Amino acid sequence: MLRVTGAHQVVKGSCGVFCHPFRGQASSWYRAVCAQPRGFHDRTEVLTFRAVLIEAVPKRKSIALNPPTWCSTMSLETKYRFLLLYASQKGQAKAIAEEISEKANEKGFFADLYCLSQLEKFNLEKECAPVVIITSTTGSGELPDTAKMFFKEVCGIAAPHHYAHIKYALLALGDSNYSEFANGGKIIDKQFQRLGADHFYATGYADDSVGLEIVVDPWIDNLWDALAKVCPKQDNIHEDGESISDINDNSRICKLDVESPDASEGIKLRLGADSNTTLESLEQNTSLTRSQEDCPLPAWVQSEKPLSESTLAIPALPIEYLNVVFQKLAKQDPSQECSSLAPDFTVFQNTSMTYEPGDAFSIVCPNSGNEVEYLIERLGLGDKRDHVVDLHIQPNTKKKGAHLPGYIPKGSTLQFILTWCLEIRAVPKKACLRALVEYTSESSEKRRLQELSSKQGAADYNRYIRDFNICLLDILRSLPSCNPPFTLLVEHLPKLQARSYSAASSSKWYPGKLHFVFNIVEFPSTTVQPIARRGVCTGWLAQQVTTVLQSYDSKVTVGNCLSNGCAPAQISIFRRQNAFFHLPTDTTVPLIMVGPGTGVAPFIGFLQHRQKQREENPECTFGETWLFYGCRHCDRDYLFRNELRHFQSNGTLTQLKVCFSRETTDGKPKYVHHLLQLMAHDVIKMLLSENGYLYVCGDGKNMAKDVNSTLTEIISEKLGLNTLEAMKIIANLREEKRYLQDVWS
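Residues numbered from 1 in each chain as written. Predicted model: local features only at pLDDT ≥ 70, side-chain atom pairs only at ≥ 80, totals over all residues. Heavy atoms only, no water.

Asker: What should I look at first to understand the packing of aromatic side chains in this one?
Answerer: The relative placement of two aromatic rings is captured by the distance of their centres and the angle of their planes. One pass over the structure, following the stated rule, counts 23 aromatic pairs. The interplanar angle of 50° and the centroid separation of 6.3 Å between the aromatic rings of Phe122 and Phe150 together place this pair among those described as tilted. In this pair, Phe122 is assigned in the loop between strand E4 (109-115) and strand E5 (131-135) and Phe150 in helix H2 (residues 148-155), connecting sequence segments 28 residues apart. Ring geometry for Phe581 and Phe603: centres 6.1 Å apart, planes at 40°, overall tilted. Of this pair, Phe581 sits in the loop between strand E18 (572-576) and strand E19 (591-594) while Phe603 sits in helix H18 (residues 601-616), placing them 22 residues apart in sequence. Taken individually, Phe581 and Phe603 each receive the classification buried, so the pair is uniform in this respect. Positioned above the aromatic ring of Tyr205 is the side chain of Lys186, whose terminal nitrogen or guanidinium carbon lies 5.8 Å from the ring centre. Over the ring of Tyr739 we find Arg734; its NZ or CZ atom is 4.1 Å from the centre of that ring. (Phe/Tyr/Trp six-rings, centres within 6.5 Å; stacked < 30°, edge-to-face > 60°. Helix = DSSP H or I, 4+ residues; strand = E, 2+ residues; numbered from the N terminus. Buried < 20%, exposed > 50% of the residue type's maximum accessible area, 1.4 Å probe, protein only. Lys NZ or Arg CZ within 6 Å of the ring centre and 35° of its normal.)

In structure tokens:
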């Protein structure tokens, strides 16, 4: 339940203050990102809210669907088996594992594909075949949720040579904007090494900040030669998935693949000089509607030389494996709502809540109602929005491991699935773009999708699709002849993720309440006709408090607003655990906190907690606390101004250093790393001489990197060290958990 009190509003880039009593259990942190296309940051109006949760909706039951059995066919050559495991948080690792599985068939292998959460499906203790593991990293260098039970079991194994029989290869996905890059893979690798397993192929570390495919594609291309050297000859595979050696050691059972022999090689296309489709025809597309003709095409829609004249190696068409039947719904079960949103977590009920400053919680939120409505109409399913969607696996599908998505409850309506289950704002993977080609009729639009899904179009895909967060909505708005079926969305769009926010309070200061801060950022979509968008969760939260905000404009107090029938909104949340971004147990060590913008949120909780500690333990010694804070404008987005002045006046906050990036004059610091440079002597003394702690919260793509670079420079300068030696000192601080980050990109 969301309740708002004690708010104020400032015109343009305004700031509202929200307070919501809360009951539940929470302790952990994650960061949700309000995605903004690169280049739009300085053109947005930002509305910031500080909020407190009161009470979450009751816990819902989740419905998990078991994967059905499936069949595989073989080509004339004998297949050699390997075990392929993946752990995915948002679907990237799963998609890569499925790509490897499909390519394995072409290369003469059989991939036994499982998620690491399917512990009952595989047994590493008896595994003789090579093992290939694909894993992502989530949060602050943590394993995906699907790998946690597996990791717990592996950690419980004490024998040092328990996995000595295993030969494995690992592909670790990560984002170098975060300090613990690809740490999920490193955690698994460390345990396998501890238990005696051996690498048969070099570990790949793929960086999402520059494009996963830069590492993933060559890693997969070279995997097959490495597998060929270690695959046991006796582990040939029968068409039903059994090991042939289990049937007859001397038998070789082969079956002719019914697919075209050229299918695996991809499709070769060339747009030649004699073609009717030219670059000019792309720009003068006669299929555009009148409203679109008046608007320039987005950059990503237009094909450019030399790619427009290149021969394309287009990947094989992803296998379609779902069938759908729409059935009229007599009456929707009200208990269905939110049942699939956090199936692996505890959603808070009316229980007492505990959390520490630095913890966070995830909010279960829906997609935008307007965007869902557009999708329904665009797919031509306006008369079926309230129909139940009956999904089932196509008979005799060739897709390995095909199963129904467990995050879509049985009996869900079309509108419910698009609202609560699918991430419709997700950046489409190349496989999705390749699938869309088959449902696009206009030649230039078809060609552009082929380019973006091809190897030759990798640079365009990164530059125009990934970097600008183009989503399926943008594609359908910009390519009128693209008309995919609903099943394509279910097969290619990932699960709608909950959004996470750091607690901006201490339970000692506000018992039974949890405060948080969020920005409302509006940015244009990258379509023929740009449409203003907000973040998925923050836009929804803003709608929940619209009535209260209107009350501020009319000078009506929040208390009056609530007493006059303005019902607080209900939201569902769950906790995520973090063991590090907390106050140190030793109160005597100094604290340096760097948090521009909403990055200041956890430090408000730190200061509230520290003040209570000082009041409860007057005999104790407390180290200095420094806060480096920055925002754009002093009078627009200076969050927690009064609270920070209060902490400074009573001695809880020793030093407050603030900068304003849009009001900077010559000689004044513009960003927080400039403030660190000015106070370099004190920073070095607190960190290195007094064993202090450095906390950084905020933007990981720019701010956190600038802070790290600045820290390297001042250590090098003040201690007379070269850059490498300074970097080693910083690495030691991280290893000792005295340089901690809570960042997002």
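Following the structure, the description resumes.
Asker: What should I look at first to understand helix H10 (residues 430-437) in this one?
Answerer: In an α-helix, one full turn covers 3.6 residues, which means residues spaced three or four apart are oriented alike. Counting buried residues in H10 gives seven out of eight residues, a clear majority hidden from the surface. Those residues of H10 that fall on the buried side of the exposure criterion are Lys430, Cys432, Leu433, Arg434, Ala435, Leu436 and Val437.

Asker: I would appreciate a short explanation of the nonpolar core in the present structure.
Answerer: Nonpolar side chains tend to gather and get buried jointly when the protein is soluble and globular. Within the largest apolar cluster, 50 residues are counted, with the highest numbers of intra-cluster contacts made by Trp300, Leu418, Leu422, Leu436 and Phe486. Only helix H8 (369-378), strand E13 (388-393), helix H9 (414-421), H10, helix H11 (443-453), helix H12 (458-466), helix H13 (472-478) and helix H14 (486-492) provide two or more residues apiece to this core. The dominant element in this core, judged by the number of residues it contributes, is H9, at six residues. Formed by 30 residues, the second largest nonpolar core is a distinct cluster that contains Tyr80, Leu84, Val132 and Trp219. (Core = buried A, V, L, I, M, F, W, Y, C linked by side-chain atoms within 4.5 Å.)

Asker: So what exactly am I meant to see when it comes to the environment of Arg645 here?
Answerer: You can see Arg645 is positioned in helix H19 (residues 641-649). Each C-alpha atom, one on Arg645 and one on Leu656, is 8.6 Å from the other, the two residues being eleven residues apart in sequence.

Asker: Help me out: how do you make sense of the packing of helix H21 (residues 680-689) against helix H22 (residues 703-719) in this one?
Answerer: Any two packed helices are characterised by the angle at which their axes cross and by the distance between the axes. Here H21 crosses H22 at 90°, and the two axes come no closer than 10 Å. The angle between H21 and H22 places the two elements in the roughly perpendicular class. Contacts from Ala680, His681, Val683, Ile684, Leu687 and Leu688 of H21 reach H22 at Leu711, Ile714, Ile715, Lys718 and Leu719. Looking at the contact of H21 with H22 residue by residue, the classes come out as nine nonpolar, one polar and one charged. (Axes fitted to C-alpha atoms, helices over the stretch in contact; angles between N-to-C directions. Parallel < 35°, antiparallel > 145°, perpendicular 65-115°, else oblique. Contact = heavy atoms within 4.5 Å. Nonpolar A, V, L, I, M, F, W, Y, C, P; charged D, E, K, R; others polar.)

Asker: Hey, could you run me through the pattern of salt bridges in this one?
Answerer: Pairing is possible between side chains that carry opposite charge, provided their charged atoms lie close to one another. Under the defined criterion, the tally for this structure stands at 25 salt bridges. Note that Glu377 and Arg385 form a salt bridge whose closest N and O atoms lie 2.8 Å from each other. Where Glu616 meets Lys508, a salt bridge forms, and the shortest distance between an N and an O atom there is 3.3 Å. Taken together, the positions of Glu616 in helix H18 and Lys508 in the loop between strand E14 (499-502) and strand E15 (514-521) put the pair 108 residues apart, joining distant regions of the chain. (Salt bridge = Lys/Arg side-chain N within 4 Å of Asp/Glu carboxyl O.)

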